[in-house]
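The primary structure of each chain is shown beneath.
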Amino acid sequence: MFQYRDFTNDQNTYPYPAGQAFMERLHANGQHYVPIVDSAIYIPNPNNASDAYSIYTDGNDSGVFLNNPDGSQYIGEVWPGYTVFPDWHTENASSWWTRSMQQHHDQIPWDGIWIDMSEVSSFCVGSCGTHNLSLNPVHPSFGLPGEAGSVVYGYPEGYNLTNATEAATASSLALAQASSASAASPPSTATTPYFSSAVTPGVRNVNQPPYVINHIQGDLAVHAVSPNATHHDGVEEYDVHNLFGHQILNATYQALLSVIPDKRPFIIGRSTFAGSGRWAGHWGGDNASLFAYMYFSISQALSFGLFGIPMFGVDTCGFNGNSDEELCNRWMQLSAFFPFYRNHNVLSAISQEAYVWESVAEASRTAMTIRYSLLPYMYTLFYYATTTGSTVMRALAWEFPNDPTLAAVDSQFLLGPSLLVAPVLGQGLDSVGVVFPGISQGEVWYDWYSQMAMDAQPGENVSISAPLGHIPVFIRGGHVLPQQEARYTTTESRNSSWSLLAALSSAGTATGQVYIDDGVSVVQESTLLVDFTAGNGSLWASARGTYEDTNALANVTILGVASEPSSVTLNGQAITGAEYNSTSKVLSVKGLQSATNSGAWAQDWVLSWA
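The name given to the protein chain in an unreviewed UniProt entry is alpha-glucosidase, with Elasticomyces elasticus as the source organism. Comment text from UniProt for the protein chain, heading Sequence similarities (unreviewed entry), reads "Belongs to the glycosyl hydrolase 31 family."

So, in structure tokens, the structure goes:
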């Protein structure tokens, strides 16, 4: 961005021609680019003609920005300096937003949008830019991470145990920085109350309402547009503040339908409201590089599933503070089982990409391989989330509501009905306690890696070995998982051969489904829904719909086969590529491509073993 201004590129460092070439390379690889768009718009310095900013000028001419109660423009402060804020109540706001996106997309053909600061945030209290625009662009009224006095020295819990020297140095520097800041700014003995006990009958005071607000910032106008900012229809921000993030996501969705016609908009937003999942996904905001926040991410994700926003993830490895090898190793594996998967951190913190540490890179590859192989399963979960309102990540108690002991379990979760994920969530641990639900009702759980049935008793907290780089994952008996090859990109994975993983129940049965469409269109001309049913030594596949998927079926793996079969057939024809492991009780059938070369689901089939 040019000086943090929306819909711009810095032409010295990221010129449009270089960006266009970059987009061509990405798109040729089946990859995508999603830029950040903040919710505040820079207002140019009126005394500096070179400071002109067409996005503001167009919006101002269209009358789309919030006002003060007196009708003047409300001017707050965000990253670029003094800023104004879109008023989504005006009839021209959405069309102006679409024009702004189209202009930038014409230069940099991005694929989606990441909406930030949409609570809506402002760094100063009130319309602080009024009468101060001649100072623009101003630096935010606090030190940015990495600047003198704001260097990031924090590390995860237990860092002093694994990196004693570095931890001691960081602690010393942090104390010195805090001491310097304290000396430069002596603490004031005065307080600024946000609660006013004086109530004037008939007079509404939205900036200081006459009741205590349990709000972390105290005053409602701290880090947010003031409650008395006024929309063009006369509505005060106090009454609709929680809807700003929802409205900007709606406007962005409509804009993307125009900018990239016929394709489903990909949007991630920081502020959401009930119904925002119709238009966007969500990430958990500015978390911290701590094991505590990794643990908290699970309950966050489950909550947002209930809110109807299943496309959820967090800043993996942590945003604020510095991460370290152990935390990032564990977190990169955990987040691989969240729908939205992103590693992101604050300005000036140490680099935390997976490749920084070889152990983290290897742990990430392991988890990503599972994730990418399961994309058809996850896509099917999202199909049902869209059509029925069901959840993608699930609490154990939701799948097993008759077991009250599961109500408080928030350290492990289900991905759909079929997969149980039990991450290590603490520093220095090499095992994790796992509860296997439904055992008393005959449920069987299989280890993902060994494919063997777990030995567990009802209510037992089973200690599972989990050295660094290993995340325990279990498959629920009675379920069939559709898979494709774990390739480098989702595009490559989608165009690879199919396989099925059938985990038999204690009764020798299993069911499953896979939903298939073109993956990008808003309106599908054709779709395919394939049902899988296993029982009595056979696995059936039956497809409904007209979408043509020409990828062949390569492998079928069946867990929990009690004894070695003497024959394996596909539609009555003998299969030679079958192997049985008497220890794990796994039947592996490979080499099915030639028998399904017109497509795995082009015709119904039955695989039998006896």
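Chemist: Mind laying out helix H7 (residues 244–259), listing which residues take part and the relevant values?
Modeler: Between its first and last C-alpha, H7 extends 22 Å over 16 residues, near the 22 Å set by a 1.5 Å rise per residue. Burial in H7 covers these residues: Phe 244, Gly 245, His 246, Ile 248, Leu 249, Ala 251, Thr 252, Tyr 253, Ala 255, Leu 256 and Val 259.

Chemist: Describe in detail the pairing of strand S17 (residues 473–476), supporting the description with residues and values.
Modeler: Burial along S17 is two-sided: the residues Val 473 and Ile 475 and Phe 474 and Arg 476 are all buried. Pairing analysis gives three bridges linking strand S13 (residues 419–421) to S17, with the strands arranged antiparallel. Its bridge partner being in S17, Leu 420 is matched across the sheet by Phe 474. The sheet contact formed by strand S15 (residues 445–447) and S17 spans three bridges and is antiparallel. Of the residues in S17, the one forming a bridge with Asp 447 is Phe 474.

Chemist: Let's hear about the nonpolar core: which residues, and what values?
Modeler: In this structure, Leu 539 and Trp 601 are the most contacted members of the largest nonpolar core, which totals 79 residues. Dropping the residues within four chain positions of it, Trp 601 is found in contact with Trp 498, Leu 500, Ile 516, Leu 528, Val 530, Phe 532, Ala 541, Ala 543 and Leu 553. The next biggest cluster of nonpolar side chains, apart from the first, holds 51 residues, and it includes Val 37, Ile 113, Tyr 253 and Val 259.

Chemist: Run through the packing of helix H3 (residues 93–107) against H7, naming residues and quoting values.
Modeler: Their axes nearest at 9 Å, the elements H3 and H7 cross at an angle of 50°. By the angle class used here, H3 and H7 are oblique. Seen along the crossing, H3 lies across H7 with a hand that is right-handed. Residue-level contacts link Ser 94, Trp 97, Thr 98, Met 101, Gln 102 and His 105 of H3 to Ile 248, Ala 251, Thr 252, Ala 255, Leu 256, Ser 258 and Val 259 of H7. Residues belonging to the contact of H3 with H7 are distributed by class as follows: seven nonpolar, six polar and no charged.

Chemist: Kindly report on the state of the cysteines, identifying the contributing residues and their values.
Modeler: Tallied over the entire structure, the rule returns two disulfides. A sulfur-sulfur separation of 2.0 Å characterises the disulfide bridge that pairs Cys 317 with Cys 328. Linking Cys 317 and Cys 328, the disulfide has an S-S dihedral of approximately 80° and is accordingly described as right-handed. Of this pair, Cys 317 sits in the loop between strand S9 (315–316) and helix H9 (325–335) while Cys 328 sits in helix H9, and the two are eleven residues apart along the sequence. Its relative accessible area of 0% is what places Cys 328 among the buried residues. Counting its disulfide-bonded cysteines in sequence order, the protein chain shows a connectivity of 1-2, 3-4.

Chemist: Please provide a residue-by-residue account of the confidence of the model for the protein chain, values included.
Modeler: Taken residue by residue, the protein chain gives an average pLDDT of 96. The fraction at 70 or more is 98%. Note on residues 189–194: pLDDT is under 50 here. Beyond four places in sequence and across chains, it has six contacts.

Chemist: Quick one: what's the story with helix H5 (residues 164–184), residue by residue and with numbers?
Modeler: With 21 residues, H5 should reach 30 Å at 1.5 Å per residue; the first-to-last C-alpha distance of 30 Å fits that figure. Taken residue by residue, H5 has Ala 167, Ala 170 and Gln 177 as its buried positions. Angular distribution of buried residues about the axis of H5 spans 95°; they occupy a single face of the element. Of the exposed residues in H5, those oriented more than 90 degrees away from the buried face are Thr 165, Leu 175 and Ala 183. On its buried face, H5 is in contact with helix H4 (159–162).

Chemist: Talk me through the packing of aromatic side chains; I want residue IDs and the actual numbers.
Modeler: Summed over the entire model, instances satisfying the criterion amount to 25 aromatic pairs. On the basis of an interplanar angle of 75° and a centroid distance of 5.1 Å, the ring pair of Phe 304 and Phe 307 is categorised as edge-to-face. Here the aromatic rings of Trp 498 and Trp 601 are separated by 5.4 Å at their centres, their planes lie at 70°, and the arrangement is edge-to-face. Placement of Trp 498 in strand S19 (residues 498–503) and of Trp 601 in the loop between strand S27 (586–589) and strand S28 (605–609) is noted, with a sequence separation of 103 residues between them. Neither residue differs from the other here; Trp 498 and Trp 601 are each classed as buried. Grouping aromatic residues by their ring pairs yields a cluster made of Phe 7, Tyr 56, Phe 65, Trp 88, Trp 96, Trp 97 and Phe 244. A cation sits over an aromatic face here: Arg 5 above Tyr 42, 3.8 Å from the ring centre.

Chemist: Outline a nonpolar patch on the surface, supporting the account with residue identities and numerical values.
Modeler: On the surface, Tyr 293, Tyr 295 and Phe 296 cluster together into a nonpolar patch covering about 290 Å² of accessible area. Mapped onto the secondary structure, Tyr 295 falls in helix H8 (residues 291–306). Taking the relative accessible area as the measure of exposure, Tyr 295 reaches 35% and is therefore partly exposed.

Chemist: So what's going on with the environment of Asp 219? Which residues, and what values?
Modeler: Within the element layout of this structure, Asp 219 appears in the loop between H5 and helix H6 (237–240). Here Asp 219 falls in the partly exposed class, since its relative accessible area comes to 21%. Sequence spacing of Asp 219 and Asn 207 is twelve residues, and the spatial spacing of their C-alpha atoms is 7.9 Å. Only 2.8 Å separates the side chain of Asp 219 from the backbone nitrogen of Ala 221, close enough to count as a polar contact.

Chemist: Hey, could you go over the pairing of strand S18 (residues 479–484) for me, with residue numbers and the actual values?
Modeler: For S18, the tally of buried residues reaches six of six residues, placing the bulk of the element in the interior. Across the two faces of S18 the burial is the same, with His 479, Leu 481 and Gln 483 and Val 480, Pro 482 and Gln 484 all buried. The pairing of S18 with S19 spans six bridges and is antiparallel. Paired with Leu 481 across the two strands is Leu 501, which belongs to S19.

Analysis parameters
- Residues numbered from 1 in each chain as written.
- Predicted model: local features only at pLDDT ≥ 70, side-chain atom pairs only at ≥ 80, totals over all residues.
- Heavy atoms only, no water.
- UniProt positions renumbered as here; feature names shortened; annotations may be inferred.
- Helix = DSSP H or I, 4+ residues; strand = E, 2+ residues; numbered from the N terminus.
- Expected span 1.5 Å × (residues − 1).
- Buried < 20%, exposed > 50% of the residue type's maximum accessible area, 1.4 Å probe, protein only.
- Pairing = 2+ DSSP bridges.
- Core = buried A, V, L, I, M, F, W, Y, C linked by side-chain atoms within 4.5 Å.
- Contact = heavy atoms within 4.5 Å.
- Axes fitted to C-alpha atoms, helices over the stretch in contact; angles between N-to-C directions.
- Parallel < 35°, antiparallel > 145°, perpendicular 65-115°, else oblique.
- Left-handed = near helix turned anticlockwise from the far one by under 90°.
- Nonpolar A, V, L, I, M, F, W, Y, C, P; charged D, E, K, R; others polar.
- Disulfide = S-S within 2.5 Å.
- pLDDT = per-residue confidence, 0-100.
- Arc of directions from axis to C-beta.
- Phe/Tyr/Trp six-rings, centres within 6.5 Å; stacked < 30°, edge-to-face > 60°.
- Lys NZ or Arg CZ within 6 Å of the ring centre and 35° of its normal.
- Patch = residues over 30% accessible without salt bridge, like charges linked within 9 Å, V, L, I, M, F, W, Y side chains within 5 Å.
- Areas by Shrake-Rupley, 256 points an atom, 1.4 Å probe, with all protein chains shown as cover.
- Salt bridge = Lys/Arg side-chain N within 4 Å of Asp/Glu carboxyl O.
- Polar contact = N/O pair within 3.5 Å; in protein donor to acceptor, adjacent residues only side chain to side chain.

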